[in-house]
Amino acid sequence: MLKLLHTADWHLGRDFPAFSEEARKKLSRARVDVLDQVFAEAERNAVDAVLCAGDLFDDPNPKRDFWEALASRLQKKRWQRPVFLLPGNHDPLLADGIWRDGTFKSALPPFVKVVDRELEHAFSERAVLYAVPCRSKASQQDPTALIPARTAGDERIRVGLVHGSAFDAGDWQTNFPIAKDAAVERGLDYLALGDTHGFRYVPADRLQPPTLYPGAPEPTAFDEQDAGHVALVFINRQRRALVDKRRVGHWRWETVRAAELGALRALAARDDLKNRVLRLVVEMNLPAPEYEEAEALLDQLAGTEAKHGRAGVLELHREGLRLDVANLGPQLEGLPRVLQAAARTLQLAAGAADTRLAAERALFHLLRTARGS
Amino acid sequence: MRYLRLTVEAFQGIEAATVDFAPGLNVLYGPNDLGKSTLATAIRAALLLPVTSSEAHAFEPWHAGRKPVVTLDFLDGQGLHWRVKKAFGGPSGAQLWSSNDGASWTSAEKGRAVDGRLRELLPWGVASPGGKNAPRGMPESFIVNALLPRQGEVEALLHRGLDDDAADSGKVSLTKALSALAQDPLFKKVLDRAQAEVEKCFTETGARKTSRTSPLTAAGEAVKRLQVERDALTRQVADAEAVAQRASMLRERRAELGVELQEAREALELARAALVVQRADQARRAAASLAATAEEKKRAVEITAASLVEAQRLASGDGQRQRELQRAQVEAMLSALTAKRRELEARLQKIEFALKARADLGQARTEAQALRAEGVQLAQAHARAVHERSEAQGELELAEGIVAYGRWRVALDAAQAAVDARAQAAKLTEEAVAREVEAQQHERAAQAAVDEGAMRRATLPTQAQLEVLERLAHDRDVAEARLGGGLAVAVRPRRAIALHAVADDGAPLDLPGLKAEQLFEADRRVLLTVGDLLEVEITAGAKEARRTVEVLRRRWKEEMLTALERAEVASLVDLQAAVKAAAVFETAAHEHRTKAAAARSAAESARARGALLEKQPSGSKDELEAKEARIGTLPREILARFFTSMGASWETQCEELRKAKGGTLQTRRAAVVEVEAKQQQVRWRLDEVGRLEAEGAAMLPRLLEQLGGTDLAVARVQSSSELTAVVEALGATQPEAVATGSRDVAEATVKEREVALVRAQAELADALKAAAAREGEAKALEASVPTEQRRALQLRPPLELAAAEAAAARAEALFDEVSAEFNKADGALTSLAGPMAKERQQQLDEALAAAREREHELNADADAWKLLRDALREAESSQTAHLGKALGGEVATRFLALTRGRYAGVAIGPTLEVETIELPGADGGEVLASLSHGTKDQLATLVRLCVASSMRSAIVLDDQLVHTDGARLHWFTGVLREVARHAQTLVFTCRPLDYLEATDLPVKAPSHDAAGVRAIDLTRLIHRHYALTGTNSAGP
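Chemist: Honestly, the overall build of chain A in this entry has me stumped. Any pointers?
Modeler: A count of helices and strands for chain A gives nine helices and 15 strands. A burial count over chain A gives 58% of its 373 residues as buried. Restricting the contact set of chain A to residue pairs at least 6 apart, pairs at least 24 apart contribute 70%. Total accessible area on chain A is roughly 15200 Å²; 47% of this is exposed by carbon and sulfur atoms.

Chemist: How do you make sense of the side chain of E857(B) when you look at a structure like this?
Modeler: Here E857(B) shows up in helix α19 (residues 834–881). Those residues in contact with E857(B), other than ones at most four positions away along the chain, are R318(A) and R361(A).

Chemist: Honestly, the packing of aromatic side chains in this entry has me stumped. Any pointers?
Modeler: Where two aromatic rings form a pair, the distance of their centres and the angle of their planes describe that pair. For the structure on display, the rule yields 20 aromatic pairs over all chains. Measuring from centroid to centroid gives 5.8 Å for F57(A) and F104(A), while their planes differ by 80°, and the two rings are edge-to-face. Separated by 47 residues along the polypeptide, F57(A) in the loop between β2 (49–52) and α2 (64–75) and F104(A) in helix α3 (residues 102–107) bring together distant segments of the chain. Summarising the burial analysis for this pair, F57(A) and F104(A) share the class buried. For the ring pair F199(A) and Y201(A), a centre distance of 6.2 Å and an interplane angle of 85° mean the geometry is edge-to-face. A relative accessible area of 13% places F199(A) in the buried class. Ring pairing ties together the aromatic residues W10(A), F39(A), W79(A) and F111(A), which thus form one cluster. Across from the ring centre of W79(A), 4.7 Å away, lies the NZ or CZ of R81(A), which sits over that ring. When the ring centre of W408(B) is taken as origin, the NZ or CZ atom of R636(B), which lies over that ring, is 5.2 Å away.

Chemist: How should I be thinking about the pattern of salt bridges in this particular structure?
Modeler: Side-chain pairing between opposite charges can occur once the charged atoms of the two side chains come close. Summed over all chains, the structure comprises 79 salt bridges over all chains. Between R318(A) and E857(B) there is a salt bridge whose closest N-O contact spans 3.9 Å. Placement of the pair is R318(A) in strand β15 (residues 313–324) and E857(B) in helix α19, with the two residues belonging to separate chains. For R150(B), the salt bridge goes to E140(B), with nearest N and O atoms at 3.2 Å.

Chemist: Where do I start with the interface of chain B and chain A in this structure?
Modeler: Accessible area lost upon the coming together of the parts serves often as the stated size of an interface. Taken together, the contact between chain B and chain A spans 62 residues of the former and 57 residues of the latter. For the pair chain B and chain A, the two sides together bury roughly 5000 Å², of which 59% comes from carbon and sulfur. Where chain B packs against chain A, one counts seven salt bridges. One can count 15 residue pairs in polar contact (both at pLDDT 80 or more) joining chain B with chain A. Secondary-structure elements contributing two or more residues to the side of chain B that touches chain A are α6 (185–201), α7 (215–315), α9 (463–483), β11 (518–522), α18 (801–832), α19 and α20 (883–898) of chain B. If one sorts the elements of the side of chain B that touches chain A by residue count, α19(B) sits on top with 28 residues. For the side of chain B that touches chain A, the class distribution of residues is 26 nonpolar, ten polar and 26 charged.

Chemist: Before we go on, may I ask you to explain helix α2 (residues 113–121) of chain B in this structure?
Modeler: Since the α-helix packs 3.6 residues into each turn, any two residues three or four apart lie on the same face. Residue and element names in this part refer to chain B. Of all the residues in α2, the buried ones are V114, D115, L118 and R119. The arc that holds the buried residues of α2, viewed along the axis, is 140°, so those residues lie on one side. Looking at the buried positions of α2, the neighbouring elements they touch are α1 (36–48), β4 (69–75), β5 (81–87), β6 (94–99) and β7 (106–110).

Chemist: Help me understand the confidence of the model for chain B in this model?
Modeler: Regions with low pLDDT should not have their predicted coordinates read in detail. Residues and elements named next belong to chain B. Taken as a whole, chain B shows an average pLDDT of 83; of its residues, 94% reach a score of 70 or greater. Confidence scores differ between elements of chain B, with strand β15 (residues 914–918) showing the lowest mean pLDDT of 72 and β4 the highest of 95. Taken as a whole, residues 1028–1036 scores under 50 in pLDDT and shows 15 contacts with residues more than four places along the chain or in a different chain. The ipTM for the predicted assembly is 0.82, set against a pTM of 0.54.

Conventions we followed
- Residues numbered from 1 in each chain as written.
- Chains lettered and ligands numbered in written order.
- Predicted model: local features only at pLDDT ≥ 70, side-chain atom pairs only at ≥ 80, totals over all residues.
- Heavy atoms only, no water.
- Helix = DSSP H or I, 4+ residues; strand = E, 2+ residues; numbered from the N terminus.
- Buried < 20%, exposed > 50% of the residue type's maximum accessible area, 1.4 Å probe, protein only.
- Contact = heavy atoms within 4.5 Å.
- Areas by Shrake-Rupley, 256 points an atom, 1.4 Å probe, with all protein chains shown as cover.
- Phe/Tyr/Trp six-rings, centres within 6.5 Å; stacked < 30°, edge-to-face > 60°.
- Lys NZ or Arg CZ within 6 Å of the ring centre and 35° of its normal.
- Salt bridge = Lys/Arg side-chain N within 4 Å of Asp/Glu carboxyl O.
- Buried area = accessible area lost by both parts, 1.4 Å probe.
- Polar contact = N/O pair within 3.5 Å; in protein donor to acceptor, adjacent residues only side chain to side chain.
- Nonpolar A, V, L, I, M, F, W, Y, C, P; charged D, E, K, R; others polar.
- Arc of directions from axis to C-beta.
- pLDDT = per-residue confidence, 0-100.

Okay, here's the thing in structure tokens:
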């Protein structure tokens, strides 16, 4: 029985420029933190080897913080099991890249093997690994073409480790295109891939021999399907592979559309928002008191300078949140007449398309400031 | 503004008086005629009347020659002390001092300038002295009337507005005061907040700030920065996309060209093979040709040998007699030839004559034949024309027949349709019954499927339970796999044992008499049983993993095995199949129900259609028979075919057909007449030619008979040829006759033929050798072409070698070129890193969108605050520009409170003139004119108090509210105390207890202060020119 942990696409050092500074830090740090979960999974299952299938850094020259974080975590391990670090298209094997950096390499413990050439590594007499690194950021060459095909009489377990896109070859966007049936053609019992960030088999309906993307252990975008996992792979003497999908990611990226206040209340009441990167699209037209409540709920979710938000990270789209300015009577009652007169002026302005948004907000500011909140 | 001290000397009835005023409410009391109003007038005079005014004469005491002098100390709005002293009656009698502390004074103005300065200090709408609109006497204005009213001047205030003032300073100052009033604390809070927010983002002129401190600038710069980065990336991505697209295209192109190159190479090989085969064929053909030549040479050798033998025989001595005989024969031949020439010349003449006669006869016969043929054609044309005429006649009849048939057929079809409809209705009824039966069958089948499904499901897990079991199976497999680390168990028996071993899930191994060491290898588990003595189970894996497996195995037994047993299946796969099969019954039931519903629906539909068909009407039998009779004798099937082909418009078509056929018939008849005329002309010419033919026919047999009946042309050629041959023979025979019989000639002939024989034999040998050589060459070439190429050549024609070579070279060059281009493009791709740039571009797109949204949000918020600030200012301005609105609310509120809701409202105009008093109710009218004097007085007092309050300026009320009842006066006291908190109030009254408690009155001192109210007993302060009769002014 050969036991492997297959992971890929850590993207250490990735920035998230669409978010606030604080959120960027959180999400960037999460990519490092998840490594603890990945390595713990390897230990817990006493795997024979850890295969890291490329794009481990987001850039060929990551900041020191990131490679040190990786090296220090590995240094703490007293492992014999090999850990294979494969250069991907984000962190290819360049002359001035991280994989050739002596400081980094010397910081890695002996059991870590950087795949800095086409590699054939025997796990045992019965099992062998073929690994092919990316030597550039882009290419139209299939890396599996460099893996020798199984020869007659070779009964060993053969595992492939490459990084590339196993999508339609006709698509020009394919980078390092990998033939869908490469595992079969090269006589591999398991083909460990890296590149796409969701957990998926290629092709989706063929489970044997598995050709698998484990996906990024920590998701990086809203549109990723089934990210946040590693694959635990067991290959028995009959060379049949069993794959177990293990969740390791902390963050879950979720998009919510709130079209009525009830939905917003329900969202704010959820107790699972701490580890959510939440894209919230608010589309509702509310009378003043409810508008104020909606603003308060959004404040709760987003947080303020004094208080953390309920959502771990919030990307708020609030253009659709509108104040119903037609019926402000009760809210204006008791206000000085001059404020009432100003409110009426703003109500009129809210009727014109070009001043609608500003007038609605101005009314909201008036009411909120007047009420001292 | 508030008053501090008033000193009066020789002013009307007062000889001297000095009064100190307190802030707040000052109730100055004294009996009638004490001089209270004089003091009020003195204040007015000090502040408003020039010392030279003629009106000042009224101030002079009538019993003394002194000039009236008034000195008034007051504080302005900024807290500066002022003292004005006016000695009326002289141009230099006015002086103005100022002081910061009220102790040390500095002269500010003197003489005429004093009043001008006072107008500035007290901007009450009074024109400056000497200027335009300057008053001649005591000036009037709205504020003067409000703050320093003359006693009993009620109407003046209610009907006068600020527009009636001589100067607009009053309006300005009151507007300013009311603006400050409008600055309600809440309003101010909102305005201040809005202003603060606006100042963050906008300059004073309303433009957006561009400084770095503005949040809009920061947001805009973030957008610009991202935009620049994104644009650069977009270019990079575009470049990379172009290169990647090119590389991808080149990769595919290279693959295609690889195939093409292979094909071109194969074609070249084939062309080369074809060439070899062709050369082999050529060699073989050449060999055959050489063989034929050799054969000819062989025959030539034989002939030459024979002629040599003949020549040798003639040249010998035995040939002399034969040579003489030959000479006699030649001379006889010469004579015969001469006779033959004459005979042939005579025969040729006869042949020429006979030929001419035959030509004439032939011409006559040809013409006769042509005429007969024309006659035949005309006869045919006639027959055709007659036929066509007859046909046209027939077609006309047919058209009429179709009409009749059609009418009959329509009637018949209608009748038949009615019959068919009834039959169809019957069928539909049957079908309905059948479909109902079918529906019942489906319903029964559905029920059966439901029952079967339910029965099967009873022993099967639900889908959710099955998913749990599937998960359990996966978890167990994973847990078992996690145990796996590899096991090697060595068994070394000390004596022979019977061992039963199982490794993992493999087949059991029985070793009955094991003596030697035995090694068992497994991934996770080895089970060893030693006879009936011992069982050893060895399981790999960490403790936690083993526990997990145990739990899962237990669960497997409890859950999976139970489920399998219950379902009576052997494995999870079987169970899945069983669940799927049970689901099939549900699907089948649904399908049966659907079909049953469809069958019922079809049955209903069939019944409905049957009912409709049964109602279809049919025609009468007699009518149908009459129509059939009109058809005539034409075959029905023909009519039916035409009728059918015409379709629905048969009747129209028939009418058109009838017209057309009538016209055709006329044309055909004319054609018949024309043909008959031509036939007559042909018959006449034929008669003439027949005569000529008879003459020729009689003469020609005679000539032929003379010539021997042979073919004339052949005879002519033969005779001419014979004649030529005879003439030539004559020419040749004459010299031969001379030479024949010479021996030398015969010997020369022998020698000549011997040489020829040797040459022919040599040529034969050469020809045979060459043929053999080419045959060998052909065989060698054929052997050099592989069998498959020979087969391919049989299947398709090869290219020309040159063309194939050119094509292969082209294909190779193209492949190399494209390969080089692909390598170049792929190399370029590696440096451009397009996919990464694209990913980064997508990230930046999102970041840019977010930054733009932030910028938009900030801008929208900034615009909102600006709009709010502007709206607040506009509202403020609007409120204060209409002074009536600014002041009216307070006046109205107090008036309504005073009158306890008796009136609905008070409308005060933009310049503070009281316009209407509204009554309650929808049709409330205006009642200002009909108000009582007391109410008007109260209303006027309220207006005055509100003006004073808003201007924070002292007010003098001289015996106001004298017509007010006790209750209202009490209410007013409260108002006065409230107003006095902001504006000093001097109340001159003869009834102090209307405003004060008795305990508030001074006992020994002239004044008494208590809780913001100063009671001033004027009897103790005013010294009149004559004594008053009563001293206690506190009494009623």
